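# Observations on the three-dimensional arrangement
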Amino acid sequence: MQMPEVDRVAASRAAVQARQERAELKEKLRRGELSALKLVELGRDEEHPAARLRVKEMLLMLPGIGEVKMRRVLEDLKISEKKRLGGLGGKQRARLVTWLNARNGVADKPQITVLAGPTAVGKGTVVSYLKQHYPQVRLSVSATTRAPRPGEIDGEHYYFVSDAEFDRMLAQNELLEWATVHGVHRYGTPKQPLFDAAAAGYLVLLEIDLQGARQVRAADPAAQLVFLAPPSWEELVSRLTGRGTESPDEQERRLSTAKVEMAAASEFDVVIVNDVVADAAEQLVQVMRGHS
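Quick notes on the rules
- Residue numbers here run from 1 along each chain, matching the order of that chain's written sequence.
- For a predicted model such as this one, the threshold for reporting local features is a pLDDT of at least 70, and the threshold for listing and counting side-chain atom pairs is 80 or more; totals across whole chains, interfaces and linings nevertheless cover every residue.
- Side-chain metrics rest on all non-hydrogen atoms present in the structure, leaving aside hydrogens and water.
- UniProt positions are given in the numbering used here, feature names are shortened, and annotations may be inferred rather than shown by experiment.
- Salt bridge criterion: a side-chain nitrogen from Lys or Arg within 4 Å of a carboxyl oxygen from Asp or Glu.
- We count a stretch as a helix when DSSP gives it H or I for four or more residues in a row; a strand needs E for two or more, and each element gets its number in order from the N terminus.
- Per-residue accessibility, obtained with a 1.4 Å probe over protein chains only, is compared with the maximum for each type, and a residue is labelled buried under 20%, exposed over 50%, and partly exposed between these values.
- Domain start and end points were adopted from an automatic or database domain assignment.
- Note on definitions: a residue-residue contact is assigned when non-hydrogen atoms from the two residues lie within 4.5 Å.
- When two parts are put together, the accessible area they lose, computed with a 1.4 Å probe and summed over both, is reported as buried area.
- Here a polar contact means two N or O atoms within 3.5 Å. Within protein one must be a hydrogen donor candidate and the other an acceptor candidate, and residues neighboring in sequence count only if both atoms are side-chain atoms.
- Gly counts as polar in this scheme, as do all residues outside two lists: the nonpolar Ala, Val, Leu, Ile, Met, Phe, Trp, Tyr, Cys and Pro, and the charged Asp, Glu, Lys and Arg.

As named in an unreviewed UniProt entry, the chain is Guanylate kinase, taken from Canibacter oris. According to its UniProt record, the chain has this under Subcellular location (unreviewed entry): "Cytoplasm".

Below you can see the structure in the form of structure tokens.
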């Protein structure tokens, strides 16, 4: 069965447009208006023209890369010459990003962004918005010694580990930060999943408390610390009392803690005011992309 003439014309026009879009991307890369790392990130979006660009084409646009070296690089990275940026697997993308970073003289250790702020400022709401609208952001998953609650999935909500395993992780320096909560269970942030996610091209975010943020800064001075602030103290009080989930005594205790947390804002690299959730989320993503 032959394709109708109108379909053939439409398909031909779409193919021409796709070639033009890929040519524009390659030209921007050649002129230095677009980095190879950014191109790899754009390729994660199946709808973006970069997703249809072959890895070999991108490599050949880089200074000092010819046919012979391109094939050798692809062989070392275990990537087929036919592979497109949008078709890279997680491990392939991580190897490619590591290779590009090394070529640019950038250390392999990725930058991590920490989000902290006072109670009731809306960190959870902003994070939920990021999950829904920014698939390029990868959130940290904590390890905990408590038992899973109904519906919680190991590796998705938490890494559920024994006390002995948590002790081992501490001894092997595998945690970026940790704390004992309510004097019972321990929580901590494993390093390696964060580094793996960053190497794969994700923007890595930790949502933790002030104590955890300080631990991250001590362990990794290169980490970005972002403080989420309320529009005003009055608004913070209104949000806390308005949600009606705590008793008056608990509200008073949380507000006292919030005053201490608010005073620590100067310790952070960036302060974002959470007035409109969508705006705060967009500002946070821009900071993570290095556009602060």
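## Re the pattern of salt bridges
Side chains bearing opposite charge may pair, as long as their charged atoms lie close to each other. Considering all chains together, one arrives at 15 salt bridges under this definition. Glu-250 is paired through a salt bridge with Arg-254; the nearest N and O atoms lie 3.0 Å apart. In this pair, Glu-250 and Arg-254 both sit in helix 11 (residues 248-263), four residues apart, roughly one turn of the helix. Relative accessible area serves as the criterion here: at 21%, Glu-250 is assigned to the partly exposed category. The exposure class assigned to Arg-254 is partly exposed, which follows from its relative accessible area of 27%. If you follow the salt bridges from partner to partner, you end up with Lys-56, Glu-67, Arg-71 and Glu-81 in one network.

## Things to note about the domain arrangement of the chain
By domain assignment, the chain separates into domain 1 (17-104) and domain 2 (112-289). When each unit is reduced to the centre of its C-alpha atoms, the spacing between domain 1 and domain 2 is 33 Å. Listed per partner, the contact involves eight residues of domain 1 and five residues of domain 2. With both chains or domains summed, domain 1 and domain 2 bury close to 520 Å², and 49% of this area falls on carbon and sulfur atoms. Linking domain 1 with domain 2 are one salt bridge, by the criterion used here. In this structure, Arg-289 and Glu-41 form a salt bridge, with 3.8 Å as the shortest nitrogen-oxygen distance. Summed over the shared surface of domain 1 and domain 2, the number is one residue pair in polar contact (both at pLDDT 80 or more). Contributions of two or more residues to the side of domain 1 that touches domain 2 are made by helix 2 (36-42) and helix 5 (90-103). Of the residues forming the side of domain 1 that touches domain 2, the biggest block, five residues, is contributed by helix 5. Residues that form the side of domain 1 that touches domain 2 fall into these classes: two nonpolar, two polar and four charged.

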